[in-house]
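# Fold and contact review
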Amino acid sequence: MPHEITIPAKQTFRLDRYVDLPLNSGEIRGRTVCTLVSPGTELGWANGDVFPIRPGYSAVFEVEEVADGVDGIRPGELRFAMGMHRSTQTHTARDTVPLPAGLRPEIAVLSRLMGVSLTSLMTTKARPGDHVVITGAGPVGLLAAQLFKIPVTA
């Protein structure tokens, strides 16, 4: 039986069992290869006020099942999705992305962090190519630095 990380109460992490439901039309499922744990995010959730929580936001999985209504995806493919920390991933096929050939899953799963860096483009006037100050040299800060190094051409 598969397992997932849950946060059932404040500052409490647990490994629970779950059952996969039958696939709906348009969905795919497979074995999780890796997920991305961000200590700040998970600890933030664990210190929140709404429980239970099934954390996770970035996963790479190997497709094992393909439902009706899915074209062009085959068992054995590695795909990226906004997935939880669990043994299997079930997603609408259109909400997944194939991994490029040669890209290792443990590297691909980090791509989610670029989305965090991109949020700054929605919350500030700063744009790629601008001179900015980035505090923090963790993965998100380093990806933001790369984002702002992109020259703007008109």
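Throughout what follows, the structure given in this document is the object of discussion. (Residues numbered from 1 in each chain as written. Predicted model: local features only at pLDDT ≥ 70, side-chain atom pairs only at ≥ 80, totals over all residues. Heavy atoms only, no water.)

### A short note on unusual backbone geometry
Here the residue pair Phe51 and Pro52 is connected by a cis peptide bond, since its omega of 0 degrees sits within 30 degrees of zero. Looking at where Pro52 falls in the secondary structure, it is placed in the loop between α1 (39–46) and β4 (59–66). Positive phi is not limited to glycine here, since Gln11 has a value of about 55 degrees. Inspection of the secondary structure puts Gln11 in the loop between β1 (3–9) and β2 (12–17). (Helix = DSSP H or I, 4+ residues; strand = E, 2+ residues; numbered from the N terminus.)

### Description of the environment of Gly69
Note on placement: Gly69 falls in the loop between β4 and β5 (78–81). Look at Gly69 and you get exposed, because its relative accessible area is 68%. Taking the C-alpha atoms as reference points, Gly69 and Gly26, 43 residues apart in sequence, are found 4.8 Å from one another. Ignoring any residue separated from it by four or fewer positions in sequence, one finds Gly69 in contact with Ser25 and Gly26. (Buried < 20%, exposed > 50% of the residue type's maximum accessible area, 1.4 Å probe, protein only. Contact = heavy atoms within 4.5 Å.)

### Side note on the nonpolar core
In terms of nonpolar packing, the biggest core is built from nine residues, these being Cys34, Leu36, Tyr57, Val60, Phe80, Leu99, Ala108, Val109 and Leu113. If we skip the residues at most four places from it in the chain, Leu99 touches Val60, Leu78, Arg79, Phe80, Pro105 and Ala108. Ile28, Phe61, Val63 and Ile73 belong to the second-largest nonpolar core, a separate cluster that totals seven residues. (Core = buried A, V, L, I, M, F, W, Y, C linked by side-chain atoms within 4.5 Å.)

### Regarding the pairing of β1
Pairing of β1 with β2, which is carried by five bridges, proceeds in the antiparallel orientation. Pairing of Ala9 across the sheet is with Thr12, part of β2. Between β1 and the antiparallel strand that follows it, β2, lie two residues; Gln11 among them carries a positive phi value of about 55 degrees. (Pairing = 2+ DSSP bridges.)

Interpretation note: all reported values are geometric properties and have no functional meaning in isolation.
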